[in-house]
Amino acid sequence: MAISNNTTKNLQKFAGKIQKNRYMSAISNGLMSTLPFLIIGAFSTLFSALAWEPYQNLIAPIKSIIGLGSTMTTGIISLYAVFFIAYRLAQSFDKDPLIPAATALLSFLVLTPVETFDTVRALPFQWLGAQGLFVAMFVGLLAARMYIWVVDRNWTIKMPDGVPPTVVKTFMGLIPAVLVVVVFVIIAGVFMQTPYVTVHQLIYSYLQVPLEGLGGSLGALIIALIVMQLLWMFGIHGAIVTLAIVKPIWMSLDLANLNAFEAGSPLPNIIGLAFWSIFANYAPMLAFALLLTFLAKSKQLRTIGKLGLPGTFFSIHEPMIFGIPVVMNPILAVPFILAPVVCCIIGYFATTVGLLPAPIGIYPPFGTPIFALGIIEGSWRLAFAQLLLIPVCMLIYYPFFRALDRQALVKERAAEEEARHEGRTDTEASMVTS
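Residues numbered from 1 in each chain as written. Predicted model: local features only at pLDDT ≥ 70, side-chain atom pairs only at ≥ 80, totals over all residues. Heavy atoms only, no water.

(A) Fine view of the overall build of the chain. Along the backbone of the chain there are 21 helices and two strands. The principal-axis extents of the C-alpha atoms in the chain amount to approximately 105 × 65 × 40 Å. Per-residue burial for the chain yields a buried fraction of 47% across its 434 residues. Contacts in the chain between residues far apart in sequence, at least 24 positions, make up 73% of those at least 6 positions apart. Surface accessibility of the chain: about 21300 Å² in total, with carbon and sulfur atoms responsible for 69%. (Helix = DSSP H or I, 4+ residues; strand = E, 2+ residues; numbered from the N terminus. Buried < 20%, exposed > 50% of the residue type's maximum accessible area, 1.4 Å probe, protein only. Contact = heavy atoms within 4.5 Å. Areas by Shrake-Rupley, 256 points an atom, 1.4 Å probe, with all protein chains shown as cover.)

As structure tokens, then:
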């Protein structure tokens, strides 16, 4: 027990450091803030690129108009990301976030090459979308932190009393913004003298591509799932902690799929946020809830199953995890960790052999119903696969469920027997008194 308590404390301390780390939180919360734009772009892509010939013939005159939502959202997602990441970081330092966020956006644009086509100068979309996402994260953090550093040293313009607050904030941010942008202009100039020409090319070639290759592997997904489920077992929100690390990689993989889908090209990636959500995030807990609801002999477990079952259709698992509880429950440790891993392995190999299509990369809002998610991701086959995984997970959980049910039933019967005994004792005492 002492070992278990020490392990729990160490894990909670480690997870707490990740969750409370302002830089990790800024990335995670900043990317989460881009979700409305990602949803707009994803559905714009879906409606403009739906592979059904009669539909395509129907929308042919307005297809380019329908696609505008995608072009100006997912096509330039790095611009939104750099702004919101800097915004969230400035907020964490209790600074007015608007000017540092705009400064970070300007710094990102300074690093982005402008190309000339004949007599036209243009900012290429290549580095504004998924390929520029890692540079956006670095610039968002670095530009905002430099801005805050300058402000903390009071290198700002002070305005006299009576000046409107908006003007005060604007002039206060003038010197920090200028200094930050000058630094990024110098960085851009230095890189122009190198074989890489731009920071984008260096980061994408030597960091983003290798990380996507690693993060997009089945092995990395399994490790992430095991860590996620282990943290849950110790009462730590595993999804928040793990996704804070892997979300940028998985999101860039999803965006690459979405861009390929819009272009009518083969989808380059299997694994991403969408894949994790489809295969790991529904069937395991839904299967367990069904077992509790319909097969449990224990009144307590059956009640918890009935209460938790509706939420599992919408990826809401907390009533089950803390109601059973799953936390610190050695009986449920194996199926809780194993079931999502098995689901993802089945989904991965079914995709590689062509039985299932890869998800197109849409990451819908939290709470999207289980089968709707599969259809949104591009195919009824994904929704059908989610359905087939439920009995698979029920088989994984069943022997452990039976052990849990027997244990709960013994406790309930012992409690009932004790209650009856106490009732008899009270009656006997009453008779002796009378």
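(B) Summary view of the pattern of salt bridges. Counted under the stated rule, the structure contains two salt bridges. As a salt-bridge pair, Lys 95 and Asp 152 come within 2.9 Å of each other at their nearest N and O atoms. Residue Lys 95 is found in the loop between α7 (77-92) and α8 (98-111), and its partner Asp 152 is found in helix α9 (residues 133-152); the two are separated by 57 residues along the sequence. On the basis of relative accessibility, which here comes to 41%, the residue Asp 152 falls in the partly exposed class. We note a salt bridge from Asp 405 to Arg 402, for which the minimum N-O separation is 3.6 Å. A residue pair is termed a helical-turn pair when its members lie 3 or 4 positions apart in one helix, as Asp 405 and Arg 402 do in helix α21 (residues 380-433) at three residues. The two residues Asp 405 and Arg 402 agree in class, both being buried. (Salt bridge = Lys/Arg side-chain N within 4 Å of Asp/Glu carboxyl O.)

(C) Spotlight on helix α17 (residues 299-312). Look at α17: 20 Å from first C-alpha to last across 14 residues, which is about the 20 Å you get at 1.5 Å a residue. At Lys 306, α17 is bent by approximately 30°, the largest bend along its length, and proline Pro 310 sits one to four residues beyond. Within the sequence span of α17, burial applies to Leu 301, Ile 304, Gly 305, Gly 308, Leu 309, Gly 311 and Thr 312. Measuring from the side-chain oxygen of the N-cap residue of α17 to the backbone nitrogen of Gln 300 gives 3.4 Å; that N-cap residue is Ser 298. (Expected span 1.5 Å × (residues − 1). Bend = angle between axes of the 7 residues up to and from the residue. Polar contact = N/O pair within 3.5 Å; in protein donor to acceptor, adjacent residues only side chain to side chain.)

(D) Broad picture of a nonpolar patch on the surface. A contiguous nonpolar surface patch, about 550 Å² in accessible area, is contributed by Val 167, Phe 171, Leu 174, Val 178, Val 182, Ile 186 and Val 190. Breaking the nonpolar patch down by element, the ones donating at least two residues are α10 (165-172) and α11 (174-192). A per-element tally of the nonpolar patch places α11 first, with five residues. Structurally, Val 190 is set in helix α11. (Patch = residues over 30% accessible without salt bridge, like charges linked within 9 Å, V, L, I, M, F, W, Y side chains within 5 Å.)

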